[in-house]
Amino acid sequence: MTIEAPGTTAYLDSLVNVATGELDRRIFSDEEIFELEMQHIFGRAWLFLCHETQIPKKGDFFEAPMGKDNVLVVRQRDRSIKALLNTCTHRGNAVCRAEEGNVRNFMCTYHGWTFGLDGELVGVPGMSDFYRDELDRTKHPLRKVAQLDNYKGFIFATMDPQAPPLLEFLGRTGRIAIDLLAERGDIEARPGVQKFTLNCNWKFTADNAFDYYHPQITHISAQAVGMIPSADVNDTGGAKTDEGKALGVQRLPTDLDTLVALGEYGHAISGPSLDSMLRTLPPEMHELVTWRQNPGPLAALGPVGSRFAGHPHLFPTAWFTMDAQISLRVPRSAGVTEVWWFSFKDRNESPEEQKAQLGRQIHSFGPAGFLEQEDGENWSQSTAQTRGGASRDIPQLLKMGLGRGKIIHEDGVARIEAPVNEHAQLWTYLSWLAWVKGTSWDELRSATTPGDYI
Amino acid sequence: MATAHLETTIAPEKIAAMYLQYEVEQFYTHEAALLDHQRFEEWVDLFTDDTAYFMPIRRTVPRRNLSREFTRPGEMAFFDDDKATLVGRVQKLGTGTAWAEDPPSRTRHLVTNVRIIEDLGTELTVETCFHLYRTRLKSEIDEWIGRREDVLRRTEEGFRIARRDIYLDQTVLLSQNLSNFF
C-alpha cells in the first residue's frame, strides 16, 4: 500500500471513496487536514455570521467565528452592517473582548489605538510625541472581511475576494434552506445564543443533520417520554440490549418517504417529505410545516422546495432546523467543536404560539435538550475512535442507498426520492474533498454540480 | 449552663433565625444527597406543581452592558422547565436508554453560602452558591460553579421549591451536555 504524503491531491483523493461509500477515519482527527480545512474551506466559503435582528441598534455588535478568525459584525451609524476582524492593526490584540454588546468605538486596551464602528483608525495615543505625526492613520484600519452580503436578513461573509457572489454560492438549494426559515413570517432572532463545547470533529456534527437512521436508537429515551412521534412498527433488526433483551425500537415513521436535495458547493437538504411529515405529526403540530404551502412561501420555495420538511444544511457548518433554529458548528481544532444555537420567532405569531415554540426550541436541542444530549455522546465517541492506530484503519461507512440515488432535476433543484438513505452525507463528503483540495472556484463548482446518480 | 446562657443573652428572634437557617441548610443538604445518590424521583418531588426551573444563557458583555448579561424568561435559555418537563427529564433517565447518562455520571453537589434573602411567611427567597463536580465514563470531568436563587415554599411536608433560577459562571459551556440537575 502506498501512503501518499498528507496534503497532496492523491492523498486527499484516497480519503473519500464515493463509489464504495467509504471514508478514511483520519479526516476526523488529523490536524494537518484540519489546517487544510481552515485554509481551503473556512478561509474561502461564505459563512453565516448572524441575523440582522441580533444587532438592531447603531453600535450593536456580535462576534462571529470565521475559521480561526474572530469577526465583529457591527451595525453602523448609517444602519448598514460591516464585519471587521477583531484584531488591532498595531500589535494584534483583540479590540473587543465581549461576545455581544453596544459600543461607540473599539479601543485596543494594549496601547489605546481606537477604531470607529466602521473600522477606521481614529485615535493613536502619542501621535505627535511618539510617531512625530508620521503614521498614516488611513493605512491601518481594522481589516474587513473580503465580501459581506445578506440574504433576507441572514448575514454572511467570506474571506476570499474571488468567491462568487452569495446568491450564486447558495444556489437554489441554499436559498431554499434559508427560505424555509425566512419565509415563515416576520423573523426575529431571540436573545441568547446557546454555546457549548464538544470533544468531536465538526464533520460528525454536520453529516448528522441528514441522518434519519440514528433517531430510533440514539433518541429512543426521548421517544419513550413523548418528545418525538413514532410509528407503530416494531423492527429492531436484531438490536439487543447488553442484557440480551430485544430493544423495543419504535421505528421512526419517516423511513418510507425521504426527500433529498443536493446543491452546488456542498449544500444539501435531507429528511422526510412534507407529506410524510404531516402523517407523523399530531394535528396540533401541523403548523410546523403546513405554512410552507402558503402563497408567499410557496412562491419563494417553488413546487419542489415547498415539499421539503427535512433538514437543510449550508456547507460547511450551518444546519437549519424544522423549528426556526440554526445550529452553527464551529470547529476549534480537529477534536473540538463548539455548537452554537440561534433561535428565531415570527413577530406576527400569537404570544401563545411564540411561547410554545420557545419551549420546543429550548427542550429539543442544545446541551440540555432532550435530543442533543445523546447526539454529542455519539460524535465525541466516534471522534475518539479515529485516533487509534488500528481503529482509524477501519473505514467509515456511508453505504445506505449507495448507487440507488437517482437524481431528478426539476425547477432548478436536484432531488432524490428514496427511503432513508445516506446520499446527503455522501454528497457532503464528496464536496468536502473538492473544497479541501483547494481547487479553483470553477473546478469546485463543477465538481459539486449534481449529475444523474450518487 | 451554656444553653441557659444562650437563651438569656440572645434575642428569641435571633434564635428563630438561626433555626430557620439550619432548616434551610438541612433541606439543601438533603436535596444534594438525593441528586448525588441518583434518587431523582424523590428529588423531583421537592418541586411544587407550579414550579419554574430556569437557567438563562449568560453572555460575555462589556461592563456597561451588564444589564444584558443574562437572558430573561421568554428569551432563550438552557433550562426553562415546568414541573411536567422536569418530571419528563427524570422519566427519561429512568428509561435505561438515555445514553448520555448510561453509564451514569458521578456527581457531587456542593451547596454553600446559603443566604435567606427574604422571608414572606409562606415563601422564602434563598440564594446559594453551588459547585457541581461531575465525572463520567473513564476520564471526563466537568465542573459547573454558579449561583442559584430559589423560592422555597413552606408546606406540610416541609420546604418545596416553587422557583429556581440557576446562574452559571460559564458563558460558552465547557461541557458537552447538561444532562444533570442543578
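Draft legend 1. Representation of the overall build of chain A within the structure. Counting its secondary structure elements, chain A contains 14 helices and 23 strands. Relative to the 2.2 N^0.38 estimate, which gives 22 Å for 454 residues, the radius of gyration of chain A is 23 Å and therefore close to what a compact globule would have. Its C-alpha atoms give chain A principal-axis dimensions of about 80 × 65 × 45 Å. Here chain A holds 454 residues, and 58% of them are scored as buried. For chain A, long-range pairs separated by at least 24 residues make up 64% of all intrachain contacts whose partners lie at least 6 apart in sequence. Taken as two groups, the 45 positive and 59 negative side-chain charges of chain A have centres that lie 4 Å from each other.

Draft legend 2. Region of interest: the overall build of chain B. Counting secondary structure elements, chain B contains four helices and six strands. Listed by position from the N terminus, the elements making up chain B come as α-α-α-β-β-α-β-β-β-β. By principal-axis analysis of the C-alpha atoms, chain B measures approximately 55 × 45 × 35 Å. Relative to its full complement of 182 residues, chain B shows a buried share of 48%. Relative to all contacts within chain B whose residues are 6 or more apart in sequence, the contacts with residues 24 or more apart total 59%.

Draft legend 3. Spotlight on the packing of aromatic side chains. All names here are of chain B. Under the defined criterion, the tally for this structure stands at 35 aromatic pairs over all chains. Ring geometry for Phe-27 against Phe-159: centres 5.9 Å apart, planes inclined by 80°, an arrangement best described as edge-to-face. Remark: Phe-159 occurs in strand E6 (residues 158-168) and Phe-27 occurs in helix H2 (residues 12-36); sequence separation between them is 132 residues. Residue classification places Phe-27 among the buried positions, given a relative accessible area of 8%. A relative accessible area of 10% means that Phe-159 is categorised as buried. In textbook terms, an aromatic cluster arises when at least three aromatic residues are bridged by ring pairs, as seen for Phe-40, Trp-43, Phe-47, Tyr-53, Phe-79, Phe-130, Trp-144, Phe-181 and Phe-182.

Draft legend 4. Region of the structure containing the interface of chain A and chain B. Between chain A and chain B, the contact holds 42 residues from the first and 38 residues from the second. Seen at the junction of chain A and chain B, the total is four salt bridges. Residue B:Arg136 is joined to A:Glu377 by a salt bridge in which the shortest nitrogen-to-oxygen separation is 2.8 Å. Connecting chain A to chain B are 20 residue pairs in polar contact (both at pLDDT 80 or more). Those elements giving two or more residues to the side of chain A that touches chain B turn out to be strand E4 (60-66), strand E7 (100-102), strand E14 (194-198), helix H6 (215-218), helix H7 (220-224), strand E20 (336-346), helix H11 (351-364) and helix H12 (372-384) of chain A. For the side of chain A that touches chain B, the class distribution of residues is 18 nonpolar, 15 polar and nine charged.

Draft legend 5. Quick look at a positive patch on the surface. A cluster of basic residues, A:Lys58, A:Arg77, A:Arg79, A:Arg104 and B:Arg64, forms a positive patch at the surface. Residue placement: A:Lys58 occurs in the loop between strand E3 (47-51) and E4.

Draft legend 6. Just the packing of helix H2 (residues 31-42) of chain A against helix H13 (residues 423-436) of chain A, in detail. Residues and elements named next belong to chain A. Put simply, H2 and H13 touch, their axes get as near as 9 Å, and they point 80° apart. As far as their axial angle goes, H13 and H2 are roughly perpendicular. Counting all contacts with H2, which are made through Ile-33, Leu-36, Glu-37, His-40 and Ile-41, the residues of H13 involved are Trp-432, Trp-435 and Val-436. Along the lines of polarity and charge, the residues of the contact of H2 with H13 split into six nonpolar, one polar and one charged.

Draft legend 7. Representation of the confidence of the model for chain B. Overall, the predicted model of chain B reaches an average pLDDT of 95, with 96% of residues at or above 70. Across the interfaces of the predicted complex, the ipTM metric reaches 0.94, alongside a pTM of 0.95.

Draft legend 8. View of the sheet that holds strand E2 (residues 22-23) of chain A. Residues and elements named next belong to chain A. Taking strand neighbours across the sheet as the criterion, the three strands line up as E1-E2-E21 in an open arrangement whose pairing is antiparallel. Two strands lie at the open edges of the sheet, namely strand E1 (16-17) and strand E21 (396-397), each paired on one side alone. Pairing geometry for E1 and E2, over two bridges, is antiparallel. Bridged to Val-16 within E2 is Leu-23.

Draft legend 9. Representation of unusual backbone geometry within the structure. Residues and elements named next belong to chain A. Residue Pro-316 is bonded to the preceding Phe-315 through a cis peptide linkage, with omega at 5°. Note on placement: Pro-316 falls in the loop between strand E17 (311-314) and strand E18 (318-320). Here the phi dihedral of Lys-152 falls at roughly 55°; this positive angle occurs in a residue that is not glycine. Classification of Lys-152 as partly exposed rests on a relative accessible area of 38%. You will see that Tyr-265, though not glycine, has its phi angle at about 70°, which is positive. Tracing the backbone shows Tyr-265 in the loop between strand E15 (258-262) and strand E16 (268-272).

Draft legend 10. The side chain of A:Glu37, seen in detail. Residue and element names in this part refer to chain A. In this structure, Glu-37 sits in helix H2. Since its relative accessible area comes to 1%, Glu-37 is described here as buried. Apart from the residues lying within four places of it in its own chain, the contact partners of Glu-37 are Ile-27, Phe-42, Trp-202, Lys-203, Trp-432 and Val-436.

Draft legend 11. Seen up close, the pairing of E14(A). Residue and element names in this part refer to chain A. Within E14, five of the five residues are buried, leaving the element largely enclosed by the surrounding structure. Judged by which residues are buried, E14 turns out to be covered on both faces: Gln-194, Phe-196 and Leu-198 on one side and Lys-195 and Thr-197 on the other are all buried. In this sheet, E20 lies alongside E14 in antiparallel orientation, the contact comprising five bridges. When the sheet's bridge partners are listed, Thr-197 is paired in E20 with Glu-338.

Thresholds applied
- Residues numbered from 1 in each chain as written.
- Chains lettered and ligands numbered in written order.
- Predicted model: local features only at pLDDT ≥ 70, side-chain atom pairs only at ≥ 80, totals over all residues.
- Heavy atoms only, no water.
- Helix = DSSP H or I, 4+ residues; strand = E, 2+ residues; numbered from the N terminus.
- Rg over C-alpha atoms; globule rule 2.2 N^0.38 Å.
- Buried < 20%, exposed > 50% of the residue type's maximum accessible area, 1.4 Å probe, protein only.
- Contact = heavy atoms within 4.5 Å.
- Lys, Arg positive; Asp, Glu negative; His and termini not counted.
- Charge placed at Lys NZ, Arg CZ, Asp CG, Glu CD.
- Phe/Tyr/Trp six-rings, centres within 6.5 Å; stacked < 30°, edge-to-face > 60°.
- Salt bridge = Lys/Arg side-chain N within 4 Å of Asp/Glu carboxyl O.
- Polar contact = N/O pair within 3.5 Å; in protein donor to acceptor, adjacent residues only side chain to side chain.
- Nonpolar A, V, L, I, M, F, W, Y, C, P; charged D, E, K, R; others polar.
- Patch = residues over 30% accessible without salt bridge, like charges linked within 9 Å, V, L, I, M, F, W, Y side chains within 5 Å.
- Areas by Shrake-Rupley, 256 points an atom, 1.4 Å probe, with all protein chains shown as cover.
- Axes fitted to C-alpha atoms, helices over the stretch in contact; angles between N-to-C directions.
- Parallel < 35°, antiparallel > 145°, perpendicular 65-115°, else oblique.
- pLDDT = per-residue confidence, 0-100.
- Pairing = 2+ DSSP bridges.

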